[in-house]
Amino acid sequence: MHAHSFLTATAVAALLALSPSTSVAADLNVYTTREPALIAPLLEAFTAATGTKVNTVFLKDGLAERVASEGESSPADILMTVDAGNLVDLAERGVTQAVDSDVLTAAVPAQLRDAKGHWFGLSMRGRVLYAAKDLDLTTFHYEDLADPKYKGKVCIRSGQHPYNTALFADYIAHHGAVETEAWLSGVKNNLARKAAGGDRDVAKDILGGICDIGIANTYYVGLMTSGKGGEEQAKWVQAIKVVLPTFKDGGTQVNISGAAVAKHAPNKAEALKLLEYLVSDDAQKIYAQANYEYPVKAGVAVDPIIAAFGPLTIDKTPLSEIVGHRKEASALVDKVGFDN
Amino acid sequence: MPASSPAAGLLRRSGRRWLACAGVVALVVALPFVGLALEALKGSPGLWAHLVSSILPVALVDTVILLAGVGLVTATLGTAAAWLVTAYAFPGRRVLEGALLLPLAVPTYIIAYAYLDILHPIGPVQDAVRWMLGYESPRQFRLPDIRSMAGCILLLGFVLYPYVYIPTRAMFLTQPGNLIDAARTLGISRRAVFWRVALPMARPAVAVGIALALMETLNDVGAAEFLGVRTMTVSIYTTWITRTDLPGAAQIALMLLLIVVGLVALERWARRRQGYAGDTRRNRGMTPVSVAPSKGVLLLAAGLVPVLLGFVAPAIYLAIEAWKRYQFASLSARLLHEAVNTIVIATLATAVTITLGLLIAYAARLRPDTGWFLRVSTLGYAAPGTVVAIGVLIVLGSADQLIDRAALQWVGISTGLVFLGSGAAVVYALTVRFLAISAGGIEAGLSRIPLSLDHAARTLGQSPSGTFRHVHLPLSKTAIAAAALLVFVDCVKELPATLLLRPLNVETFATHLYGEAARGTYEEASIAALAIVAISVLPVVLLSRVGVAGSASSTSARKHDTIEDTRT
């Protein structure tokens with residue numbers, strides 16, 4: 001049938017047009033779960049500095065499965081993601097390789113990278129308290145979230161979100177599973193609405209009078225305050241202040257974004273160059289100024305909006321220990337019906 | 001017709017090639033599920049104990065409530081709307097007929113995000129309410145939160161009811177007018193005709209429509225995530241992502257698939273003895289009654305409610321947000337690139353899906369005893385997009401590696417990723433996902449062509465393929481077109497499979513939208529969201545034009561049993 005061969009020809013042509021030339025040398029292929037807008041400035045700066053073109057694909061969930069399924073044929077050079085747990089998962093699935101770089105080990109503090117060199121933290125964010133501006137509150141402990149005096153006043157996103165399971169895992173590290181379960185039940189009882197939506201909704205819902213306090217990440221405040229999110233978000237953020245909460249016997253829970261070199265990276269040399277670039281002063285400054293994250297490298301200044309929260313005391317629980325409690329935390333979230 | 005008749009024998013012998021092709025299609029659709037089953041077999045210690053103690057009691061109950069709620073809302077809206085535009089004649093009816101389809105252009109995740117904003121305590125609706133009541137701040141007065149089961153049911157209902165409306169309207173339109181007249185002569189009121197004649201006769205169409213709407217509901221993760229409703233689909237996600245347990249997630253997904261397949265089979269079984277159809281060609285349809293102008297206005301207003309809530313309000317909201325965004329940051333060049341990708345992928349996937357749908361539907365006509373090919377081909381629609389995507393990833397990942405290794409070994413060149421690197425994987429996944437719409441719609445179209453035409457053509461010396469080209473293809477054009485439009489719109493809206501399987505540097509409107517929504521910058525996504533709705537509106541308008549004849553009926557309104565009925 002003529003129609004058939006025409007269709008086939010069109011299909012082939014269209015697919016070719018669609019497919020980028022992935023095998024061109026000196027390109028670098030990045031698989032990322034970080035949203036394109038967040039890493040675009042960094043990658044553009046890298047291309048400008050080195051002349052290496054960077055191809056990306058944004059995959060929210062299933063990055064590990066995708067790379068694993070592609071196996072030796074995978075074009076991926078760099079795997080980028082947020083949350084220490086996700087980085088550990090990548091390493092455990094065997095889709096990363098160890099790299100040995102003095103530049104990286106010098107720039108990234110030991111507790112923010114894999115001991116064997118499979119992954120490196122590139123930026124940090126705190127899991128902090130957003131509180132209604134008029135609330136008389138200057139210090140806060142994570143433990144207080146379950147205090148009955150906040151009944152019907154707490155907003156938070158799904159308990160199963162990696163940002164929250166990491167916080168709850170840290171809680172387990174401090175207090176053990178039994179106490180954590182009781183605490184989670186208490187927080188659940190204090191919720192003003194379903195545990196759903198995103199972190200910015202906490203600010204919006206505080207403005208909307210739905211809640212008084214909530215847990216969210218630090219960088220959203222920068223994005224909203226700077227006006228980068230538009231006028232409305234600038235209004236939301238004016239309704240809140242940020243308090244850096246701590247564990248009673250510790251500091252503020254911090255998570256990372258990071259990257260790893262893929263096990264079968266076709267362009268390993270370029271991949272390493274990108275990693276080293278990302279911990280350079282220039283790139284760390286972009287993390288701080290464009291994304292409002294805390295740089296991992298000592299000596300690079302945080303953005304003034306973030307600095308205004310006061311000094312950050314990072315909780316001492318090692319990331320690896322938090323990661324180890326993650327599944328337990330997730331199971332507890334289900335057990336107390338946190339999201340129901 | 002007795003099976004031993006010469007004509008039937010002829011059909012059987014010469015349809016072998018079609019049959020083989022249909023078998024291959026069914027196999028291709030089934031492969032991703034085989035991949036998933038293999039993954040599930042890897043086992044997940046402790047999973048079911050945890051599921052039974054902590055997840056199932058809530059997630060299962062919530063899923064059932066959500067499905068029941070959405071089923072009820074879509075059935076009510078869809079059937080009422082269909083009856084309204086077929087039974088009554090009033091000014092604006094023609095426009096309303098088409099307008100009722102518009103919510104199809106709005107994906108579930110977009111409606112959730114739009115209404116979350118519109119109805120938020122600091123959104124326009126509550127602002128207005130407070131202003132009227134004289135309150136200053138939302139802390140003094142606010143309406144209940146939309147983030148609830150009821151909110152989720154209503155929002156999903158208002159965008160999914162067209163799945164019921166389309167086949168039900170087609171069924172009402174082709175219902176023999178003489179039956180309705182007979183009922184009226186026997187002294188039954190117009191309203192009672194609906195309950196006692198029209199509705200029972202339209203039951204297969206309503207059932208199919210509800211099944212489709214419910215499968216869309218099960219597919220949804222975005223709206224549930226926004227609105228805080230924890231369905232089984234969300235549990236699959238949590239098991240996979242938060243607990244890094246893909247075998248466990250595959251087990252839950254397959255269990256859910258079994259339940260869905262079981263329910264669909266149960267519904268078919270429940271009406272196994274009911275015969276419908278008859279020869280619709282010679283029957284004149286039902287004549288709509290004219291109503292007084294005042295009543296006409298009321299009917300029109302009632303009919304417009306679902307259109308306003310399911311399409312107009314969110315579309316206006318998106319347009320305003322997109323405009324604000326445009327003034328704030330103007331249009332980025334990548335939107336053009338995304339438009340091209342969105343359209344190319346959707347067009348290719350539609351072409352493949354329709355071709356395979358034709359194959360499998362025609363094979364089922366040639367050999368009705370192999371209808372199970374047709375049923376296998378609908379599996380992809382009964383599973384959430386993510387599940388299909390993972391299955392496809394497992395299958396094509398291995399295929400890509402095999403091809404690459406073989407090429408390296410025999411020819412000495414690396415082919416790279418043939419499927420995952422080219423976008424073919426996305427097209428494959430979309431085909432698996434939406435083949436049900438295509439095969440079902442085409443089969444419904446074919447079922448309206450009497451078998452006597454096949455016999456006549458064959459007696460005149462046409463082969464099955466010739467008969468197909470010269471008889472069936474021309475006669476089922478409208479059904480094919482309607483199916484193609486529905487598939488196209490679904491491909492434009494599709495997110496999870498496109499997200500997981502697309503090649504480097506390829507963004508579509510849906511993936512762009514998700515990229516922004518995932519980090520909470522919805523406003524930056526409003527232009528992409530509006531674009532998705534805009535691209536989908538055109539096919540939806542066309543769909544309303546394709547009209548009656550093909551019985552856009554779509555989606556398998558008349559299923560296999562109809563064919564058998566027509567034959568006897």
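Remember, predicted model here, so these are calculated numbers, not experimental data.

Each partner contributes to the interface: chain B provides 74 residues, whereas chain A provides 74 residues. Looking only at chain B, the three residues that lose the most surface to chain A are B:Arg139, B:Leu504 and B:Arg519, adding up to 13% of its buried area. Taken together, chain B and chain A are joined by five salt bridges. One salt bridge connects B:Asp117 with A:Lys204, and the closest N-O pair in it is separated by 2.2 Å. Its residues assigned to classes, the side of chain B that touches chain A shows 32 nonpolar, 21 polar and 21 charged.

Now for the layout of surface pockets. Looking at the second largest pocket, its volume works out to about 560 Å³. Counting residues per element, the ones that place at least two in the lining of the second largest pocket are helix 2 (36-50) and strand 2 (54-58) of chain A together with helix 15 (334-366) of chain B. Of all the elements, helix 2 of chain A adds the most residues to the lining of the second largest pocket, at eight residues. Its residues placed into classes, the lining of the second largest pocket shows nine nonpolar, six polar and five charged.

This structure, assessed with the given rule, holds 25 salt bridges over all chains. Note that B:Lys42 is salt-bridged to B:Glu39, the shortest N-O span being 3.2 Å. The residue B:Glu321 makes a salt bridge to B:Lys324 at a minimum N-O spacing of 3.1 Å. Linking B:Glu321 with B:Lys324, this pair stays in helix 14 (residues 293-329), spanning three residues, or about one helical turn. Bridged by salt links that share partners, the residues A:Arg193, A:Asp205, B:Asp145 and B:Arg147 form one connected network.

It is worth spelling out the domain arrangement of chain A at this point. Residues and elements named next belong to chain A. Assigned domains within chain A: domain 1 (25-124 + 256-301) and domain 2 (126-253 + 310-335). Placing the centre of domain 1 and that of domain 2 at their C-alpha centroids yields a distance of 27 Å. Contacts between domain 1 and domain 2 engage 17 residues on the former and 15 residues on the latter. Considering only the surface of domain 1 that becomes buried against domain 2, Asp83, Tyr292 and Tyr294 emerge as the three largest contributors, covering 43% of it. The tally of links from domain 1 across to domain 2 stands at one salt bridge. Residues Arg326 and Asp89 are paired through a salt bridge, measuring 3.2 Å at the closest nitrogen-oxygen approach. Along the contact surface separating domain 1 from domain 2 lie three residue pairs in polar contact (both at pLDDT 80 or more). A total of five residues in the side of domain 1 that touches domain 2 trace back to one element, the largest contributor, which is helix 4 (residues 84-92).

Rules of the game
Residues numbered from 1 in each chain as written. Chains lettered and ligands numbered in written order. Predicted model: local features only at pLDDT ≥ 70, side-chain atom pairs only at ≥ 80, totals over all residues. Heavy atoms only, no water. Contact = heavy atoms within 4.5 Å. Buried area = accessible area lost by both parts, 1.4 Å probe. Salt bridge = Lys/Arg side-chain N within 4 Å of Asp/Glu carboxyl O. Nonpolar A, V, L, I, M, F, W, Y, C, P; charged D, E, K, R; others polar. 1 Å grid on protein atoms, 1.4 Å probe; cavity = no way out; pocket = protein on both sides within 12 Å on 5 of 7 lines; lining within 4 Å. Points joined across faces, edges and corners; volume = space filled by probe spheres on them. Helix = DSSP H or I, 4+ residues; strand = E, 2+ residues; numbered from the N terminus. Domains from an automatic or database assignment. Polar contact = N/O pair within 3.5 Å; in protein donor to acceptor, adjacent residues only side chain to side chain.

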